[in-house]
Each structure stands twice: as structure tokens, then as C-alpha cells.
Amino acid sequence: MNPTKAYSAASATSPLASTKINRRNPTEHDVQIEILFCGVCHSDLHAARDEWSDFMPAVYPIVPGHEILGRVTKTGSAVTKYKTGDLVAVGCMVDSDGTCPHCKDGLEQFCPNMTLTYNSPDKHLGGVTYGGYSDSIVVNEHFVLRVPTNLDPAGAAPLLCAGITTYSPMRYHGVTKGKKVGVVGLGGLGHMGVKFAHAFGAHVVVFTTSPGKKEDALRLGADEVVISRNANEMQKHTGSFDFILDAVSADHDINAYINLLGRDGNLTLVGVPEKPLGVAAFGLIAQRRSLSGSAIGGIAETQEMLDFCGKHNVTSDVEVIPIQKINEAYERLLKSDVKYRFTIDMASLKSE
């Protein structure tokens, strides 16, 4: 085993602090990665504070981080896809059973035996897996992704969660040139939704409650910005959208957006409101509209997304921080005080 520097939370109420964890020595199919950058996802905060205890209870100490970008430092004897020095990434998964129908379809994110990057049972060392708030990580090569070298590495790290979470439903629901696409909420997920919809060639409309975000939405690639509290502005778009990505995690009126869909239009949830959303059946029935949800994508689709980002030079807008400011970043996340994602420069961990 290899002792590795990391930051962990010891309980739901304790701040993240410097610690040491063990990483396994690479097996024949493993890739050892020096972590250069790790994005900060809102789910890291939820996990560290055990706010999703009903369906994903935290096991402490917990080392968050599933937006990992780094360089290969060692490969197992059977590894064929990567070599030392390659720029690579690891997202929300580090293993699956490989035999279930989901895995065979390249949809490992639905595997009932999927291993999450952190806080999942670790079948190699026992205990649970530890995430990217650390110096290094060892991952089976199937779950390692190649990063286009033209992308800014700090801005590329959040693509491994925020990126694939917004890219996947757009691909599934056929967002292309000529489609009208709405993005509800201009935060960590929403700003990536705008960038992808624009890169796909769609006509992009951003819905926000904040008039001050209009200029930024247009800069990110929106064609129009609608202030969702303005009933007249909303009414103008009734029945006209092919697809709407809802990235809002606060309580909101979902029916107001369902009514904006055209015939056979789809609204996909990627935000996670705390309370159930009340859906009016006739809003769906009248135009054969659909309401769905989406999480991340499979490994093949995540690689497709990274290649697409390389081709179109799409990265996340980030504020780079040292690991020593992670607790401050969590407090700022709660206030939506970041444009639009934090990325940790893991070189800062070397001074611990």
C-alpha cells in the first residue's frame, strides 16, 4: 500500500482537514495517477455533511472528489491504453461488475454493483473508496479517460461530473442544430448546459430569476435570456421548446417549464430539489410531452464528451483554489458565490 496525502472530513459537522490515506499498489489492469486538479462538486458538500443519508449515508472519514484530472505515473503489466505521462481523468465511477446488461450496453452508471469514486465499498482494500482530494489515485484502466491536451486542465476537471451530467441528456434527446433548447438556472451545471447546447448548434434560451446574469448567459452562448418571474416573457415561449434542461435544485414550479415544451418535447431534471415537485398531468398529456431525469453518462459517452470538448474548446468556467481553502469554498457554494465551479490545484497539497 502507498500512504497518500489527502483532505477528509471526520464527521458530518467537522471541517475537512489534512490526513493520510492508503492507496493500493497497481494491479495488472490498474493505472496510477498523480492528481493535478480536482473539481469541487456540490455533491461533495452533500456527502461530506451526510445530507444524502437516506440513500447514500456517509462513511467517515470521507475523502470527496470525483472530478479528477492528472498524469499517469505508473501502469500495470496488462494496461494497453495508457502510458506514463499521459494526461488522464477519472469521474464519478471507478469500477462496475462488467457483466450486467447495463455494463454490456456501455451504461456503467446504472450498474447495480457500480463502485463510486468515493464513499463506496472498496473491494481491494476494504473500507470505502477515497476520492480526488488527494495526491494520487489508482484506478482500473477501463474507468480512466483520455483528456485532449488543448484543454485548460483546471477548466477540464469539472467536465468529469458537471460536463457529462449536462452533455448526456442532450445527446440522448437529440439536441442538434435547428433545435430550440432551454436551460433553467445558470449555475455550475446550467452554465455547462448553455455551452454544450450552443456547441451542438441549438438555439439556446436561458431561464433565470436574476436579471444580473443576462450578460453572462449571452457570453456563455445563450441566444436569449428570459427572466422567469416575468409572466409575459414566459408566455411568449409557450409550446415552443424541443428540450429543456432543468438544473435548479431549489423548489420551483416545474409546470411553468413543462408548458413551454412543444409537441413531443422533453424536460430533463439534473438538479435535485429537496422536496418532491408537483406535476400537473394535463401539462404532459396535452402535447405528448415527457419529464425525465438524468445523472452522469457511461465511460464511452464520457470519453465522447471529452473529445467533443477538445474539438469545440469547451471547458468549465472555474475559480482555482488551494486545498487549504476547501472549507471556505464549501461555504461559498452554499451562497452560489462562484462563477461557476471551484477547481482545486492539488499542487497545494504537497506543502501539507
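The structure we're discussing is the one just above.
Reading guide: rules and limits
- Residues numbered from 1 in each chain as written.
- Predicted model: local features only at pLDDT ≥ 70, side-chain atom pairs only at ≥ 80, totals over all residues.
- Heavy atoms only, no water.
- Axes fitted to C-alpha atoms, helices over the stretch in contact; angles between N-to-C directions.
- Helix = DSSP H or I, 4+ residues; strand = E, 2+ residues; numbered from the N terminus.
- Parallel < 35°, antiparallel > 145°, perpendicular 65-115°, else oblique.
- Contact = heavy atoms within 4.5 Å.
- Nonpolar A, V, L, I, M, F, W, Y, C, P; charged D, E, K, R; others polar.
- Pairing = 2+ DSSP bridges.
- Buried < 20%, exposed > 50% of the residue type's maximum accessible area, 1.4 Å probe, protein only.
- Core = buried A, V, L, I, M, F, W, Y, C linked by side-chain atoms within 4.5 Å.
- Phe/Tyr/Trp six-rings, centres within 6.5 Å; stacked < 30°, edge-to-face > 60°.
- Left-handed = near helix turned anticlockwise from the far one by under 90°.

It is the contact of helix H4 (residues 162-172) with helix H10 (residues 299-312), at a shortest axis distance of 10 Å, that shows an interaxial angle of 100°. It follows that H4 is roughly perpendicular to H10 by the angle criterion. Contact residues: Gly 163, Ile 164, Tyr 167, Ser 168 and Arg 171 in H4; Glu 301, Thr 302, Glu 304, Met 305 and Phe 308 in H10. Split into classes, the residues belonging to the contact of H4 with H10 amount to 4 nonpolar, 3 polar and 3 charged.

Reading across from one edge, E12-E11-E10-E13-E14-E15 is the order of the 6 strands in this open sheet, with parallel pairing throughout. Single-partner strands in this sheet number two, and they are strand E12 (224-227) and strand E15 (290-293). Across the sheet, the mean angle separating the axes of adjacent strands is 20° when strand polarity is ignored. Bridge count between strand E10 (residues 180-184) and strand E13 (residues 241-246): 4 bridges; the pairing is parallel. The residue bridging Val 184 from the neighbouring strand is Asp 246, located in E13. Taken strand by strand, H4 contacts E13 and strand E14 (261-269), and its axis lies near 160° from that of E13.

This next bit is on unusual backbone geometry. Geometrically, the link from Tyr 60 to Pro 61 is a cis peptide bond, its omega value of 0° lying close to zero. The peptide bond linking Lys 339 to Tyr 340 adopts the cis configuration, its omega dihedral lying at -5°. Mapped onto the elements of the fold, Tyr 340 is located in the loop between helix H11 (326-334) and strand E17 (341-345). Despite not being glycine, Asp 50 has its phi angle at roughly 55°, a positive value. Among the secondary structure elements, Asp 50 is positioned in the loop between helix H1 (42-48) and strand E4 (68-75). Residue classification places Asp 50 among the partly exposed residues on the basis of a relative accessible area of 24%. Notably, Asn 313 is not glycine yet its phi reads approximately 55°, a positive angle. You can see Asn 313 is positioned in the loop between H10 and strand E16 (318-322).

Summarising burial for H4: 9 of the 11 residues are buried, a large majority. Tucked into the core, H4 has its buried residues touching helix H5 (190-199), E13, E14, H10 and E17. Within two residues after H4, Gly 174 carries a phi angle of roughly 70°, on the positive side.

Turning our eyes to something else, we now look at the pairing of E14. Looking down a regular strand, the side chains alternate between one sheet face and the other. As paired elements, E13 and E14 share 5 bridges and run parallel to each other. The residue bridging Leu 245 from the neighbouring strand is Thr 268, located in E14. Pairing between E14 and E15: 4 bridges, direction parallel. In the strand pairing of E15, Leu 267 is matched with Leu 291.

In this structure, Tyr 133, Leu 159, Phe 196, Ile 326 and Tyr 330 are the most contacted members of the largest nonpolar core, which totals 89 residues. Take this core: its biggest share by element is 6 residues, from strand E3 (residues 30-40). If we skip the residues at most four places from it in the chain, Leu 159 touches Leu 151, Ile 164, Met 192, Met 305, Leu 306, Cys 309, Val 314, Thr 315 and Ser 316. In this structure, Phe 207, Phe 241, Leu 261 and Leu 267 belong to the second largest nonpolar core, which totals 13 residues.

This part is about the packing of aromatic side chains. The full count for this structure, using the stated rule, is 8 aromatic pairs. Residues Phe 207 and Phe 241 carry aromatic rings whose centres are separated by 5.6 Å and whose planes lie at 55° to one another, so their mutual orientation is tilted. Highlighted residues: Phe 207 in strand E11 (residues 203-208) and Phe 241 in strand E13, separated in sequence by 34 residues. No difference in accessibility class separates Phe 207 from Phe 241, as the two residues are buried. An angle of 80° between the planes, with centres 5.5 Å apart, marks the rings of Phe 207 and Tyr 257 as edge-to-face. One end of the pair, Phe 207, is in strand E11; the other, Tyr 257, is in helix H8 (residues 254-258), and 50 residues separate them in sequence. For Phe 207, a relative accessible area of 1% puts it in the buried group.

The next point concerns the packing of H4 against H5. Two numbers describe how H4 lies on H5: the axes approach to 9 Å, and their chain directions differ by 45°. Classified by the angle their axes make, H4 and H5 are oblique. The hand of the H4/H5 crossing is right-handed. Contacts between H4 and H5 involve Ala 162, Gly 163, Thr 166, Tyr 167 and Met 170 on the former and, on the latter, Met 192, Gly 193, Phe 196 and Ala 197. Class assignment for the residues of the contact of H4 with H5 results in 6 nonpolar, 3 polar and no charged.

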